[in-house]
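Residues per chain, in single letters:
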Amino acid sequence: MAEPIRMRVKLEGDVADVRVLIGHPMETGLRKDPKTGEPVPLHFIKSVTATLNGKAVLTAQWSQAVSRNPYMQFRIKGAKADDEVGIEWVDNRGESNRARAKVPAAG
Amino acid sequence: MNTEPNRRSSRRSFLALFAALLAAALRPLQTWAGEWNKAAFDARNVQEALKSAGILNPAASGDIVIKAPEIAENGAQVPVDILSKVPGTDTVYIFVDRNPQPFVGSFDFLDGAEPFISTRIKMGETSNLRVVVRAGGRHHMATREIKVTIGGCGA
């Protein structure tokens, strides 16, 4: 079961500043389980898509070298209050998750 | 001996291959930018990774602003901010030269997104951080050395 995505959106003028924290282990495949000593299998987010009102504005392709519980901040121009920002990710096991947040009024 | 079933199955696999090639050729061009580039991600050295990502002869640029610590105490969480002032920036690529697989990731800025990204990456040891910007089919590059106290590849 995928861990949650946390999003914080701020409106500055017509720019939405979006901060996202994605719950994901981002295992490199190099780490050993401290209890068993067995290597923990590779498990990482491969792609992320950000949308504004359903339209893709940013896509990202990642390796396992993005930190555990990935953090991402980006800015979308031409946004206004009540617009909807969406985030969706897919990992190397085909698991995925998505979240949405409304753009608040500026201030 | 009857070879008919064999022949039939090879004809079938030929048709399947043909259909796959046709599907690849018909796929719209814009989806290519967002493809997960396995060859680039699997590359074990930065020159190979750059080449596989289609980055040839990037020009050194002062228009790529990198904000990152000079010394990162924890290689598992190295904060990196990138702002591209190169007009028409389409994509930002991040590489860590001395990571086992140097290509960390790429960010495509589509309609409306400003050419800015802030994220956190893993670094196995002290290394150059290499940022490449693709703008209008040309590549621009900036590098920054980051000293790592405790490596983050086992993290």
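Residues numbered from 1 in each chain as written. Chains lettered and ligands numbered in written order. Predicted model: local features only at pLDDT ≥ 70, side-chain atom pairs only at ≥ 80, totals over all residues.

Here we look at the overall build of chain A
For step 1, the next point in the chain: Of the regular secondary structure elements, chain A holds zero helices and seven strands.
For step 2, the next point in the chain: Starting at the N terminus and walking to the C terminus, you meet the elements of chain A as β-β-β-β-β-β-β.
For step 3, the next point in the chain: Each principal axis of the C-alpha distribution contributes one length, and for chain A these read about 50 × 25 × 20 Å.
For step 4, the next point in the chain: A buried classification covers 33% of the 107 residues belonging to chain A.
For step 5, the next point in the chain: In chain A, once contacts between residues fewer than 6 apart in sequence are set aside, the share between residues at least 24 apart is 57%. (Helix = DSSP H or I, 4+ residues; strand = E, 2+ residues; numbered from the N terminus. Buried ≥ 20, exposed ≤ 12 C-beta atoms within 10 Å, placed from the backbone. Contact = placed C-beta atoms within 7 Å.)

What to know about the sheet that holds strand β7 (residues 116-121) of chain B
For step 1, the next point in the chain: One open sheet accounts for six strands, arranged β1(A)-β2(A)-β5(A)-β7(B)-β4(B)-β2(B); its pairing is antiparallel. Strands at the two margins of the open sheet, each flanked by one partner only, are β1 (5-12) of chain A together with β2 (64-67) of chain B. Across the sheet, the mean angle from the axis of one strand to that of its neighbour is 15°, orientation sign disregarded. (Pairing = 2+ DSSP bridges. Axes fitted to C-alpha atoms, helices over the stretch in contact; angles between N-to-C directions.)

A closer look at the confidence of the model for chain B
All names here are of chain B.
For step 1, the next point in the chain: Summary statistics for chain B give a mean pLDDT of 86 and a share of 76% for residues scoring 70 or more.
For step 2, the next point in the chain: Note that pLDDT drops below 50 for residues 27-32; the model gives that stretch zero contacts with residues more than four away or on any other chain.
For step 3, the next point in the chain: Confidence estimates for the predicted assembly give a pTM of 0.86 and an ipTM of 0.95. (pLDDT = per-residue confidence, 0-100.)

What about the environment of Glu70(B)?
Residues and elements named next belong to chain B.
For step 1, the next point in the chain: You can see Glu 70 is positioned in the loop between β2 and β3 (71-74).
For step 2, the next point in the chain: Along the sequence, Glu 70 and Val 104 sit 34 residues apart, while their C-alpha atoms lie 19 Å from each other.
For step 3, the next point in the chain: When neighbours within four sequence positions are excluded, Glu 70 is seen to be in contact with Ile 146 and Lys 147.

A closer look at the nonpolar core
For step 1, the next point in the chain: In this structure, Ile121(B) and Val131(B) are the most contacted members of the largest nonpolar core, which totals 57 residues.
For step 2, the next point in the chain: Per element, the largest residue contribution to this core is five residues, and it comes from strand β5 (residues 89-96) of chain B.
For step 3, the next point in the chain: Sequence-distant contacts of Ile121(B), defined by excluding residues within four places in its chain, comprise Ala65(A), Val66(A), Ser67(A), Val78(B), Val80(B), Ile94(B), Val96(B) and Val104(B). (Core = buried A, V, L, I, M, F, W, Y, C linked by C-beta atoms within 7 Å.)

Side note on unusual backbone geometry
For step 1, the next point in the chain: The phi torsion at Asn53(A) lies on the positive side, around 50°, for a residue other than glycine.
For step 2, the next point in the chain: Relative to the elements of secondary structure, Asn53(A) occurs in the loop between β3 (45-52) and β4 (55-62).
For step 3, the next point in the chain: One non-glycine residue, Asn57(B), lies in positive phi territory at about 45°.
For step 4, the next point in the chain: Among the structural elements, Asn57(B) can be located in the loop between α3 (46-52) and β1 (59-60).

A word on the interface of chain B and chain A
For step 1, the next point in the chain: Counting residues at the interface gives 31 residues for chain B and 28 residues for chain A.
For step 2, the next point in the chain: Of all the secondary structure elements, the ones that give two or more residues to the side of chain B that touches chain A are β6 (103-109) and β7 of chain B.
For step 3, the next point in the chain: Element by element, the count of residues in the side of chain B that touches chain A is highest for β6(B), at seven residues.
For step 4, the next point in the chain: The residue makeup of the side of chain B that touches chain A, split by class, is 15 nonpolar, 11 polar and five charged. (Nonpolar A, V, L, I, M, F, W, Y, C, P; charged D, E, K, R; others polar.)

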